[in-house]
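Given next are the chains, with one letter for each unit.
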Amino acid sequence: MSLRSVNTARACGVGMALALLSLFSGGGAHAADLMSKAPPVPYTETDDFWTRPYLFGDLGRTQLKERGISLALTLGDEAVGNLSGGNRNTATQAGQLFFQAKFDMAKLAGIHGGTVGLTLVDRFGRNLNDEAGIPALQLTNEVFGRGSILRLTELYYSQKLFDDRLELKGGRLPVGSDFFFGLCEFINLTFCGGQPGNIQGGYIYNWPVSQWAGVVHYNFAKEWQLSVGVYDANPNYLTTSDSATYFLPGVPGSSPASGVLVPVEVVWAPSGPLNGTWRFGGWYDSASTIDGGLPGIIAISPGTGGVSDQNLGDSRGRYGVYESILQRLTVEGPKAQGWYTFLNTTVADHRTSYQDYQIAFGFRHTGTFASRPEDEVGFAVGTTHVNTAALTPNAGGNEVPIEAWYGWQATGWMNLKFDAQYVMHPGGRGYNAAGVKTDNAWILGLRTLVHF
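Residues numbered from 1 in each chain as written. Predicted model: local features only at pLDDT ≥ 70, side-chain atom pairs only at ≥ 80, totals over all residues. Heavy atoms only, no water.

Under the annotation held in an unreviewed UniProt entry, the protein chain carries the name Carbohydrate porin and is attributed to Bradyrhizobium brasilense.

The share of residues in the protein chain with pLDDT of 70 or more is 81%, and the mean pLDDT across the chain is 85. Per-residue pLDDT stays below 50 along residues 291-314; that stretch engages in 65 contacts with residues further than four places along the chain or on separate chains. (pLDDT = per-residue confidence, 0-100. Contact = heavy atoms within 4.5 Å.)

Turning our eyes to something else, we now look at the state of the cysteines. For the coordinates displayed, the defined rule picks out one disulfide. One disulfide in the model links Cys184 with Cys192; its S-S distance is 1.7 Å. Handedness of the Cys184-Cys192 disulfide follows from its S-S torsion of about -105°: it is left-handed. The class of Cys184 is buried, set by a relative accessible area of 5%. (Disulfide = S-S within 2.5 Å. Buried < 20%, exposed > 50% of the residue type's maximum accessible area, 1.4 Å probe, protein only.)

With that settled, consider a nonpolar patch on the surface. Together, Leu161, Phe162, Leu168, Val216, Tyr218, Phe220, Trp224, Leu226, Val228 and Val264 give the surface a local cluster of nonpolar side chains, amounting to about 820 Å² of exposed area. Secondary structure elements with two or more residues in the nonpolar patch: β6 (211-221) and β7 (224-232). Tracing the sequence through the fold places Leu168 in strand β5 (residues 166-173). By relative accessible area, which is 38% here, Leu168 ends up partly exposed. (Patch = residues over 30% accessible without salt bridge, like charges linked within 9 Å, V, L, I, M, F, W, Y side chains within 5 Å. Areas by Shrake-Rupley, 256 points an atom, 1.4 Å probe, with all protein chains shown as cover. Salt bridge = Lys/Arg side-chain N within 4 Å of Asp/Glu carboxyl O. Helix = DSSP H or I, 4+ residues; strand = E, 2+ residues; numbered from the N terminus.)

Under the criterion given, the structure shown has 16 aromatic pairs. A centroid spacing of 5.5 Å and a plane angle of 55° characterise the contact between Phe186 and Phe191, whose relative ring orientation is tilted. Like Phe186, the residue Phe191 is buried in the burial classification. Seen from the ring of Tyr54, Arg61 lies directly overhead, with NZ or CZ sitting 3.8 Å from the centre. (Phe/Tyr/Trp six-rings, centres within 6.5 Å; stacked < 30°, edge-to-face > 60°. Lys NZ or Arg CZ within 6 Å of the ring centre and 35° of its normal.)

As structure tokens, then:
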């Protein structure tokens, strides 16, 4: 597809999202990922520019939600600068504009438990790792990636049955919409989104990439849920040139590496004041293993999650296991104020993984000051390991990022996060692709989130 055609499709998609928002709002007079944080106050009619939850006001969204239509248009941006490390000191920026709509079929069509969901994501900007020459395994501005195009990220139908104990869901979905750890409060990718997709991005596609899938969620006890999914594991979903796949819910062309990805997950969600979400799961992918020069080892491009297309191997099947814990530690106010902690661990198949495990641990506190109950602070440390079987200068090394931020709820509709990262041994042992030793990296950043 020509650049002109891609830009035309992108413009039409954004226009469609804005037109839908305008149309529904006039008629009326939610991972997964980064930027999924809802406005700090519920839907409300208010003329106060600084405290209302949306920049442009309610625009009839309250009435629409009562009728079964929920709409959101959100801009997320990450500006980051490299103070030291890499090849040069520079700054860059990346972000995404995304439109989300949910249709309650009980209110709209009398189908109890039915929901239709739509998400469009338009990404833009540049990768700091590339611009500054930081050979990191994980992105230091996580919102970058998968093309500066408008993607169909979700288009699904969900049906709940048996007093909502069983949910059947199907359509175009990212794996992280229903599995793994979906929160994204940090700017370093180590601490953001579905962790298995962070280290296995060649075949596990996090937001904003979607694929045809079917998912079953079953609540077999009050605080317990079992989930199983089947995803079309075709690498052609990663296309940035075929709008019939990335923008429309088409079926991508066949690939010799195609197969199915099957994640299985058990969730324990303790209720009460100290609530939490404890996920334990694993996955199996039946696709042919792509060999990047070593028998059975996938060649992952550091910082991109990309996969080499060299030398298709004969071996099939790859797998992994993970846990993801998000737990509230204290209760300090009526609006979720208090301390929270998280611990994520993913271990991938050693035969086929360049990055074979990742661990992330951190804390977040909401209600930092009594006079600012919506402000937050966060701190995290993690590690990503390079497989010892990989014949590279980094073989067996660990990349260790440390990150801290202060989140300022500047208005009801805008949140700013002032961020600092220190990445030790970028790339594993701190070598670039040429085998040259690089310094640890100091990075400052600002994340801006605006709800329109």
